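# Close look at the chain arrangement
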Amino acid sequence: MSFIATFLKRTLQLLLMLVLTLAAPSLYVETMCRPSGEPAPATPLSSETRPEIRTLLTYPEWHIVHAYDDYATVIDQGNPHDFGYLRAIAGYWSSLCTLTRASGELGEIDGGTRQLVHVIGVSFTFEMLMKGLYEETIGRAATWVRGPQQTRLDNLSALQAADYAAFLQQVPWYRYDFRGDAATLNAAATDAFRDQERAFALGFEHLTRAAYADVIAQAVAATGFDDLTLQMVVTGLTPAQIEAVEGVTILRDAPGGVEIETPRYRELTGILANWADQGATFLDMAGNDQIMFTAISDTPDVPGALASLDRQGYGDTRHLFLIPVTSLAEALRGLDSAGLRLEHIHDY
């Protein structure tokens, strides 16, 4: 009886420690990263408007996307235990803190968005902690048994990680075929210990993600999907240049330019960069006059960046910039001369 009581006590203590560990960053952001400033008055030009604050708070989800891309890059030439899981976690919460502080001039963070960034942050933290714990112990030991030469499933899992990172650029994670990856690993595994270990560990991870994805997909279906298009006002382009882009529609004449509808997410970044090269100027996006974008450089610090985060596996740095919408095209045209490479434009 004493043994059972001691075991239950230790288990409860560990669970409490885990809960406190997961909750601590969220509590810190909510109490120590307070917004400052007030939104400036603005007159929307677009017919359909969205909260400007979302240009900042779409980044936390993209930080997770970038973390998976970093992970894929690291294991392409190395091992999963080479990835900095705690660095990825710290990057999420430090960037959320910075963006929360900067949010005061863009508007109040609504309850739904606030809840979302904390829920996915806690989920990401838990996943990275569990994966890091495994890869730093059992996973690392399996590489010792394997030796320096990577096995078939080391290479296959690196390819799958890269495919998943690319998938996330445009499609929600819960639509990914995790079960298919698990089945592929199992079918390709040899009798080598490392292959068997990878098939079991990563297969379990994929199947767990698949079950969680099913729940999220059902919840999203019940509440409705995000709009896949965005309205904006642009000038400096001919109708032929605008309509040459698939998925773009001219809606009407607007003050100073023309109102159009475009795709969102990763596809939008390419469209805006291309139009900037053609001489466009963006006047308004979803009724907003501020927008954030990220760019990559080979230097750790760049003037004007809200935050700068090292990219694992790449040896360079991601920088976050918040600028007026009317300055976006000029900023994009000036990236090369500033030693920057465009990564992503964060819409609303």
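Before reading further, recall that the structure is shown in the block above.
Residues numbered from 1 in each chain as written. Predicted model: local features only at pLDDT ≥ 70, side-chain atom pairs only at ≥ 80, totals over all residues. Heavy atoms only, no water.

## Digging into the environment of Ala-254
Rule in force here: Helix and strand assignments follow DSSP, with helices taken as H or I runs no shorter than four residues and strands as E runs no shorter than two, numbered in order from the N terminus. The contact definition used throughout considers only heavy atoms, calling two residues in contact when any of these lie within 4.5 Å.
Residue position: Ala-254 is located in strand β2 (residues 249-254). Ala-254 has contacts with Val-233 and Glu-259, leaving out every residue within four places of it along the chain.

## Side note on the layout of surface pockets
If a probe as big as a water molecule is rolled over the atoms, it shows which places are left empty. The test is simple: A 1.4 Å probe that fits into a set of points on a 1 Å grid over the protein atoms alone but cannot get out defines a cavity; an open set with protein on both sides within 12 Å along at least five of seven lines defines a pocket, and lining residues are those with an atom within 4 Å of a point. Grid points are joined across faces, edges and corners, and a volume is the space filled by probe spheres set on the points. In the scheme used here, Gly and all other residues not listed as nonpolar or charged are polar, with Ala, Val, Leu, Ile, Met, Phe, Trp, Tyr, Cys and Pro taken as nonpolar and Asp, Glu, Lys and Arg as charged.
In this structure, the second largest pocket occupies an estimated 180 Å³ of space. If you list the elements that add at least two residues to the lining of the second largest pocket, you get α3 (59-77), α4 (85-102) and β6 (307-311). Among the elements that take part in the lining of the second largest pocket, α3 stands out by supplying four residues, more than any other. Class assignment of the residues belonging to the lining of the second largest pocket gives a composition of four nonpolar, four polar and four charged.

## Topic: α4
Spelled out, the test is: Given the number of residues in a helix, its expected span is that number minus one, multiplied by 1.5 Å. Classification of residues uses two cut-offs on accessible area relative to the type maximum, computed with a 1.4 Å probe and protein chains only: under 20% is buried, over 50% is exposed, and between them is partly exposed.
Look at α4: 26 Å from first C-alpha to last across 18 residues, which is about the 26 Å you get at 1.5 Å a residue. Considered for burial, the residues of α4 that qualify are Tyr-85, Ala-88, Ile-89, Gly-91, Tyr-92, Trp-93, Ser-95, Leu-96, Cys-97, Leu-99, Thr-100 and Ala-102.

## Some words on the packing of α3 against helix α5 (residues 111-146)
Spelled out, the test is: For every element, the axis is a line fit to its C-alpha atoms; helices are fit only across the contacting stretch, and the angle between N-to-C directions ranges from 0 to 180 degrees. Orientation categories follow fixed angle ranges, with anything under 35 degrees roughly parallel, anything over 145 roughly antiparallel, 65 to 115 roughly perpendicular, and all other angles oblique. For any helix crossing, the convention is left-handed if the near helix is rotated counterclockwise from the far helix by under a right angle, and right-handed if that rotation is clockwise.
Relative orientation of the contacting elements α3 and α5 amounts to 20 degrees, with a least axis distance of 9 Å. As summarised for this structure, α3 and α5 are arranged roughly parallel, according to the angle between their axes. Considering how the two elements wind past one another, α3 and α5 form a crossing that is left-handed. Contacts between α3 and α5 involve Pro-60, Glu-61, His-63, Ile-64, Ala-67, Tyr-68 and Tyr-71 from the former and Leu-116, Val-117, Ile-120, Phe-124, Glu-127, Met-128 and Lys-131 from the latter. Residues of the contact of α3 with α5, tallied by class, amount to ten nonpolar, one polar and three charged.

## Things to note about the sheet that holds strand β8 (residues 341-346)
The cut-off we apply is this: For two strands to be treated as a pair, DSSP must find at least two bridges joining them.
A sheet is described by the order of its strands in space; here four strands give the open sequence β6-β7-β5-β8, paired in antiparallel fashion. Every interior strand has two partners, whereas the edge strands, β6 and β8, have only one. With direction set aside, neighbouring strand axes in the sheet form an average angle of 25 degrees.

## Things to note about the nonpolar core
To be explicit about the condition: The set of buried Ala, Val, Leu, Ile, Met, Phe, Trp, Tyr and Cys residues whose side-chain atoms join them within 4.5 Å is what this entry labels a nonpolar core.
One finds Leu-56, Leu-57, Tyr-92 and Met-128 to be the most contacted residues of the largest nonpolar core, which totals 44 residues. Looking at this core, the elements that each hand over two or more residues are α2 (54-57), α3, α4, α5, α6 (152-167) and α8 (193-223). The element best represented in this core is α3, accounting for ten residues. Sequence-distant contacts of Met-128, defined by excluding residues within four places in its chain, comprise Tyr-68, Phe-83, Tyr-85, Ala-88 and Ile-89. One finds Ile-242, Val-258, Ile-291 and Leu-340 within the second-largest nonpolar core, a separate group that totals 32 residues.

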